[in-house]
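A closer look at the structure
The primary structure of each chain is shown beneath.
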Amino acid sequence: MTRALFIIDVQNDFTEGGALGVDGGAAVAAGVSRYLDENRGSYDLVFASRDWHDASNDNGGHFATDAAPDFEGTWPVHCVAGTPGAEYHPALDTSEVDFHIHKGQGVPAYSIYEGSTTDGIAVRDLIEAHAVDSIDVVGIATDYCVRASALDAREHGKSVRVLTDLVAGVAAESSEHALRELEAAGVELAHS
Ligand code: VGL
């Protein structure tokens, strides 16, 4: 069994005080660090993703420019590449991360599978090269990037768990809906 941990988008803009701050985001950052400290040995590989949007355009309509964001498909400007908002939250210990993944350059990209390393290696190829068969998912946001990443990992044929005490969502109702949808797709909801 080869196991990987996906740490999804634990970035300043997705935590309290950020451009698209999610309640509980900072607690997720600290909680994931604590979890890794105690459980790093359970994982062969650790991936961490960051939304890494262009400053010069609306990223395929992802940034609301003409109207107010609807917080479902259009969003305030967030996680612009190279800005403090796009950095990992300071409480996230990234020293154990094997692969840093960027996604969303010029496009909406909710799933880590849409991302790649700075050397341009796709996540799917890394998973296959290392014969990963089991993936745990933590991070932000439950109802968007965590959801999409876990669903893609299932579609990729992996055994997938979401650690529900180490995620935070944009909205309560859509987060609850996402968890039900993940369960229906065969994702196990577990506790850290
Ligand atoms: C996300 C909304 C917009 C996420 C990204 O990381 O879940 N949410 N862009």
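One structure accompanies this document, and this report is about it. These figures come from a predicted structure and were not determined experimentally.

**As for the overall build of the protein**
Across its full length, the protein carries 4 helices and 6 strands. Moving toward the C terminus, one meets the helices and strands of the protein in the order β-α-β-β-α-β-α-β-α-β. A compact globule built from 192 residues should have a C-alpha radius of gyration of about 16 Å, and the protein, at 15 Å, falls within 12% of that. For the C-alpha atoms alone, the extent of the protein along its principal axes is close to 50 × 35 × 30 Å. The long-range share in the protein, meaning contacts at least 24 apart out of those at least 6 apart in sequence, stands at 75%.

**Section: the pattern of salt bridges**
All chains considered together, the criterion is met by 10 salt bridges. For Glu87, the salt bridge identified is with Arg50, shortest N-O distance 3.3 Å. Placement of Glu87 in the loop between strand 2 (45-51) and strand 3 (99-103) and of Arg50 in strand 2 is noted, with a sequence separation of 37 residues between them. Looking at Glu87, the relative accessible area reads 33%, which means it is partly exposed. The class for Arg50 is buried, based on a relative accessible area of 10%. Here Asp51 ties to Lys103 by a salt bridge, and the two come within 3.1 Å at their closest N and O atoms. Of this pair, Asp51 sits in strand 2 while Lys103 sits in strand 3, placing them 52 residues apart in sequence. The pair formed by Asp51 and Lys103 is uniform in burial state, with each residue classed as buried. By sharing partners, the salt bridges in this structure join Arg3, Asp136 and Arg161 into a single network.

**As for the site of the ligand**
Asp9, Phe14, Leu20, Asp51, His62, Trp75, His78, Tyr110, Ile140, Ala141, Tyr144 and Cys145 make up every residue found near the ligand. In the environment of the ligand, an oxygen atom lies 3.0 Å from a nitrogen or oxygen atom belonging to the backbone of Ala141. In the environment of the ligand, an oxygen atom lies 3.0 Å from a nitrogen or oxygen atom belonging to the backbone of Cys145. Alone, the ligand offers 260 Å² of accessible surface; in the complex the protein occludes 100% of this. Among the detected pockets, the ligand sits in the largest cavity. Grouping the amino acids of the shell around the ligand by side-chain chemistry returns 8 nonpolar, 2 polar and 2 charged.

**Focus on the packing of aromatic side chains**
As enumerated under the stated definition, the model contains 7 aromatic pairs in all. Ring centres of Phe6 and Tyr113 lie 6.1 Å apart, and the angle between their planes is 70°; this geometry places the pair in the edge-to-face category. Residue Phe6 is found in strand 1 (residues 3-8), and its partner Tyr113 is found in the loop between strand 3 and helix 2 (123-129); the two are separated by 107 residues along the sequence. Note on Phe47 and Phe99: the rings are 5.2 Å apart at their centroids and 40° apart in plane angle, and the pair reads as tilted. Of the two residues, Phe47 sits in strand 2 while Phe99 sits in strand 3, which places them 52 residues apart along the sequence. The class for Phe47 is buried, based on a relative accessible area of 0%. Residue classification places Phe99 among the buried positions, given a relative accessible area of 17%. Site record: aromatic cluster; members linked through ring pairs are Phe6, Phe47, Phe99 and Tyr113. Sitting above the plane of the Tyr43 ring, Arg3 keeps its charged end 4.7 Å from the centroid.

The rules behind each value
Residues numbered from 1 in each chain as written. Predicted model: local features only at pLDDT ≥ 70, side-chain atom pairs only at ≥ 80, totals over all residues. Heavy atoms only, no water. Helix = DSSP H or I, 4+ residues; strand = E, 2+ residues; numbered from the N terminus. Rg over C-alpha atoms; globule rule 2.2 N^0.38 Å. Contact = heavy atoms within 4.5 Å. Salt bridge = Lys/Arg side-chain N within 4 Å of Asp/Glu carboxyl O. Buried < 20%, exposed > 50% of the residue type's maximum accessible area, 1.4 Å probe, protein only. Near = heavy atom within 4 Å. Polar contact = N/O pair within 3.5 Å; in protein donor to acceptor, adjacent residues only side chain to side chain. Areas by Shrake-Rupley, 256 points an atom, 1.4 Å probe, with all protein chains shown as cover. 1 Å grid on protein atoms, 1.4 Å probe; cavity = no way out; pocket = protein on both sides within 12 Å on 5 of 7 lines; lining within 4 Å. Sits in = over half its atoms within 2 Å of the grid points. Nonpolar A, V, L, I, M, F, W, Y, C, P; charged D, E, K, R; others polar. Phe/Tyr/Trp six-rings, centres within 6.5 Å; stacked < 30°, edge-to-face > 60°. Lys NZ or Arg CZ within 6 Å of the ring centre and 35° of its normal.

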